[in-house]
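One-letter residues, chain by chain:
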Amino acid sequence: MAGKTGRPARSDARRSTSRASGRPTRPSDKDAPNRFWNYPRPGYHGLHRWLPSWRFVVASALGFVFLVLGLVVAAYQGIAVPDPTAEVTDQTTKVYFASEDGTSDRGNLMGTYPGINREIVDYSTLPEYVGQAVVASEDRTFFTNSGVDPRGIVRAFLNNVSGGAQQGASTLTQQYVENYYLGATHDYVGKAKEALLAIKIAQTESKEEILGRYLNTIYFGRGAYGIQAAAQAYFGVDAKDLTVSQSAMLAGIIPSPSNWDPAVSPDKAQARWARTLDYMVEEGWLSSADRAAQQFPATITQQVSATYTGPNGYLLVMARDEVGTELGLTDEQVMRGGYTIITTVKESVQNEAIRAAGDLLNGTLADGATPDPKLKIGITSLDPITGGIVSLYSGQDFLTDQINRVTKDAIQAGSTFKPFTLVAALEKGIPLSTTFSGKSPQKIAGWKADDGTDATVTNFLGQSFGTIDLVKATEDSVNTVYAQLNVEVGAEATADVAARAGITTEQNGQLSNVLGTDSVHPLDMASAYGVFAAQGLRATPHLVSSVLNSTETTAYTADTTQTRIFAADVMADTTYAMQTVVSQKGGSGYKYIHPLDRTIAGKTGTSTNNKSAWFVGFTTNLVTAVALSQTAEDGKGQDTITPWGGVTQVTGGSWPAALWADYMKPVLAMSAYATDTAFPDRANVGPSATPTATATTPVVEPTVEAPTTAVVPDSLVSKLEADASAAITSVGLVPKIVSEPSADVPAGRVIRTDPGAGNTVEIGSEVTLVVSTGPPSTPTPTPTQAPEPAVSETAAAGG
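All figures in this text were calculated on a predicted structure; none of them were measured in a lab.

**As for the overall build of the chain**
For the chain, the count of helices and strands is 26 helices and 26 strands. Every one of the 799 residues in the chain was classed for burial, and the buried ones make up 51%. Counting only contacts in the chain whose residues sit at least 6 apart along the sequence, the fraction spanning at least 24 positions is 70%. Carbon and sulfur atoms provide 53% of the accessible area of the chain, an area that totals close to 36100 Å².

This is the structure:
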């Protein structure tokens, strides 16, 4: 039978059970069936049929071990040492002022951006105990291990899978790999890659090189990366001058520096310090006597980053944003790219802007009188030829008020908008010699109130003029004349001129835009007047002149190309009229600007209800805008600017003009601006070529004796702010707006007046309108852009 089948017959004895024991008899290998999967095992019964033999178990275990080893070897051979992570190569970007005299490519350093605070130092310059302290605290086997600690890995793995507190087993070399090459790793695959790379690097880099790079890479808290920055942040010394005690403290807090900072947790910091010193003794790096002599080191007060502190913080933010836009970079990429940013800002001019703003705030300009603390100041100067921002002031400290009052804040333009209407008229052939009635108040056909009827327009303080031309109307900022002019040229034409000149904010397109009811950015207004200064040529305003890469190659250069926007003859007549504002006695800007004794053109501006006040003026090579506004108590709107220093109203011709003059006087004496260059002569655009004389005395129409008192109107409570303001203005009184939250009165409507309705007061007196900002709410912790104020088409908005 065996010869026929090739298989031996099974013995009954081998299939039988032992009579003595009752257990199955183990079959011999030669009796085992010749099949690949020998399960269930023949010759066995019950559970034993399914249990593998010890030989199978051993063979399987050995096979698995060799398989894993093979995979590890293959992974080790295949893994390559990557380039260092971006953070390791990050460099701080620096921002510079413009060259003062043009003899160099840049001026002084303006500031550096916050980012990686790191200064690389050579490991050989450090005391030996600095590295020993770190090794004692972080990896006592560092000098002898091969890059990993197998026992530590197994211990941590078993603890973690058993549900114990999370543990790590990274050696110092693994930490170095994570920080220098890979970045943070948290899963087991990442940790395996980290371990293999640590083994490879331990074979290719010396212990000193690894330790040195580790010390220059890791984070020590307080914004300090690397041992040098840490030594400065905690002790105010260089790393080469660290003591044993200081080194032990820094080494001890490495695992959680922010939490174990002595300023945060002194007990924990001291415990970690003592632990490090004890380990140094155990490793033979510190004697017991020296250990006993150590005292816990005193640290210095943490220095908060001052990058954006002060008025120049606004410039640094603007430079960062502009470079990011031009180069397509994120904020982080700009700040850590090692760029050299050269701005158009001249340090000398910037310092004068800061000083002048301080003079206004501290009372120097007003014999000790100071403005309301809620007053906001925006100042900027531009080069009208290149568009470069020469100075910009938005506040005393960016960190306390992060709204840029020059580029982001939008306030009513007031009468600074009138030159746009003048340009629109000149472009339509309407000459400066055109005359209109300057009577006030005056109902003007086409100038409509909210109810569709012809609205009343008044001049500043109700002053009436006779029939005057556009030069005189510009000089005295006569609302009634410019209202009639805007009816003739069209509100759309005024808006178009403003947009072409550089106004970027949304405009209402209504006839009242000539009186500055639209809100604008001070930078836009300076840029638009810069077109006037450049006689119709416009250059895009910018803060960044050029950007250099970390290799000193050029990454960006600003475009300073000029584009013609307005005809030269139109500009000649515009600047001629605007010069009279400051050159003619009685002009709205004469009091403060004329004493500078320079050729200057400009315009004052005072908005509805005195919520903003402006002076924008220019020479042939410098244009400067000054804008004042006052935030409401709850920060939700804008209030009437509180008068101070002997004035009853803050108008464009008062403190804005005084501030402009205080700022410009030393600037115009600087060599770059000292030459007094005249504007082109009047061109006499239009059908009439007969120039008008400089109208210093208006032709006054016969008038009856004006009343000296007025009655506060009834029914102002619950009216819209604009309607109430118009009612106050129409009787010769001056509205003053104060905002206040109210749970009962809707936002934008009057809560009460002071004095109340029916009271008789002198003409020109102020009547306070308390306007609701809506229900009270919790103040927002982060500064936000104030909403644009409500405007009135019928209220006076004179200069």
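**Quick look at helix H18 (residues 418-427)**
Counting buried positions along H18 gives 9 out of 10 residues, so the element sits mostly inside the fold. If you check which residues of H18 are buried, you get Lys 418, Pro 419, Phe 420, Thr 421, Leu 422, Val 423, Ala 424, Ala 425 and Leu 426.

**Some words on the sheet that holds strand E21 (residues 623-630)**
Judged by pairing direction, the sheet is antiparallel, and its 5 strands sit side by side in the order E8-E7-E21-E20-E19 without closing on themselves. In this open sheet, the two edge strands, each paired with only one partner strand, are strand E8 (389-393) and strand E19 (601-606). Strand after strand, the sheet turns through a mean of 5 degrees between neighbouring axes, direction not considered. As defined by bridge partners, strand E20 (residues 612-618) adjoins E21 across 7 bridges and the pair is classed as antiparallel. Within E21, the position partnered with Phe 615 by the bridge is Val 626.

**Thoughts on the packing of aromatic side chains**
Taken as a whole, this structure holds 15 aromatic pairs when the rule is applied. With centroids separated by 5.4 Å and ring planes inclined at 85 degrees, the aromatic side chains of Trp 273 and Phe 296 adopt a geometry described as edge-to-face. Taken as a pair, Trp 273 in helix H13 (residues 266-282) and Phe 296 in the loop between helix H14 (288-293) and helix H15 (313-327) lie far apart in primary sequence, 23 residues in all. Residue Phe 296 is classed as partly exposed on the basis of its relative accessible area of 25%. Here the aromatic residues Phe 417, Phe 420, Tyr 529, Phe 532, Phe 618 and Phe 679 are joined through ring pairs into a cluster of three or more. Its end group placed over the ring of Tyr 96, Arg 106 keeps NZ or CZ at 5.1 Å from the ring centre. Sitting above the plane of the Trp 273 ring, Arg 291 keeps its charged end 5.5 Å from the centroid.

**Considerations on the pairing of strand E7 (residues 375-382)**
Both faces of the sheet carry side chains from a regular strand, because those side chains alternate between them. When you tally the buried positions in E7, you get 8 out of 8 residues, the bulk of the element. Neither face of E7 is left uncovered, since the one carrying Leu 375, Ile 377, Ile 379 and Ser 381 and the one carrying Lys 376, Gly 378, Thr 380 and Leu 382 both have all their residues buried. Two elements, E7 and E8, share 4 bridges in a ladder whose sense is antiparallel. Residue pairing across strands places Leu 382 opposite Ile 389, the latter belonging to E8. Where E7 folds back on E8, the antiparallel hairpin that results is connected by 6 residues, among which Gly 387 adopts a positive phi of roughly 85 degrees.

**Side note on the nonpolar core**
Ranked by size, the top nonpolar core spans 84 residues in total, and within it Ile 341, Phe 420, Met 525, Tyr 529, Phe 532 and Phe 618 carry the most contacts. Of the residues forming this core, the biggest block, 8 residues, is contributed by helix H22 (residues 522-533).

**Here we look at the side chain of Asn 312**
In this fold, Asn 312 is placed in the loop between H14 and H15. Every residue in contact with Asn 312, bar those within four places of it in the chain, is listed here: Phe 97, Gln 350 and Ile 354.

**Looking at the sheet that holds strand E5 (residues 224-225)**
Ordered by their spatial adjacency, 3 strands build an open sheet running E3-E5-E4, and the pairing between neighbours is mixed. Each edge of the sheet is formed by a strand with only one pairing partner; in this case those strands are strand E3 (117-118) and strand E4 (219-221). With 2 bridges joining them, E3 and E5 adopt parallel strand pairing. Across the sheet, residue Arg 118 finds its bridge partner in E5, namely Tyr 225.

**So, the pattern of salt bridges**
Enumeration according to the criterion identifies 24 salt bridges in this entry. Glu 283 is the partner of Arg 140 in a salt bridge, and the nearest nitrogen-oxygen pair spans 3.0 Å. In this pair, Arg 140 sits in the loop between helix H5 (128-138) and helix H6 (150-161) while Glu 283 sits in the loop between H13 and H14, placing the two residues 143 residues apart along the sequence. For Glu 283, a relative accessible area of 29% gives the class partly exposed. A salt bridge links Glu 209 to Arg 213; its shortest N-O distance comes to 3.3 Å. Residue Glu 209 and its partner Arg 213 are located together in helix H9 (residues 207-217), separated by 4 residues, close to a single helical turn. By relative accessible area, Arg 213 is classed as partly exposed at 27%. When salt bridges with common partners are traced through the structure, they connect Glu 352, Arg 355, Asp 359 and Asp 662 into a single cluster.

**Side note on the packing of H18 against helix H23 (residues 568-583)**
Relative to each other, H18 and H23 sit at 140 degrees, their axes nearing to 10 Å. The angle between the axes of H18 and H23 places the two elements in the oblique class. Crossing of H18 against H23: the hand is right-handed. The residues of H23 that touch H18, namely those facing Pro 419, Leu 422, Val 423, Leu 426 and Glu 427, are Val 570, Met 571, Asp 573, Thr 574, Ala 577 and Met 578. Among the residues making up the contact of H18 with H23, the classes are represented as 8 nonpolar, 1 polar and 2 charged.

Procedures and definitions
- Residues numbered from 1 in each chain as written.
- Predicted model: local features only at pLDDT ≥ 70, side-chain atom pairs only at ≥ 80, totals over all residues.
- Heavy atoms only, no water.
- Helix = DSSP H or I, 4+ residues; strand = E, 2+ residues; numbered from the N terminus.
- Buried < 20%, exposed > 50% of the residue type's maximum accessible area, 1.4 Å probe, protein only.
- Contact = heavy atoms within 4.5 Å.
- Areas by Shrake-Rupley, 256 points an atom, 1.4 Å probe, with all protein chains shown as cover.
- Pairing = 2+ DSSP bridges.
- Axes fitted to C-alpha atoms, helices over the stretch in contact; angles between N-to-C directions.
- Phe/Tyr/Trp six-rings, centres within 6.5 Å; stacked < 30°, edge-to-face > 60°.
- Lys NZ or Arg CZ within 6 Å of the ring centre and 35° of its normal.
- Core = buried A, V, L, I, M, F, W, Y, C linked by side-chain atoms within 4.5 Å.
- Salt bridge = Lys/Arg side-chain N within 4 Å of Asp/Glu carboxyl O.
- Parallel < 35°, antiparallel > 145°, perpendicular 65-115°, else oblique.
- Left-handed = near helix turned anticlockwise from the far one by under 90°.
- Nonpolar A, V, L, I, M, F, W, Y, C, P; charged D, E, K, R; others polar.

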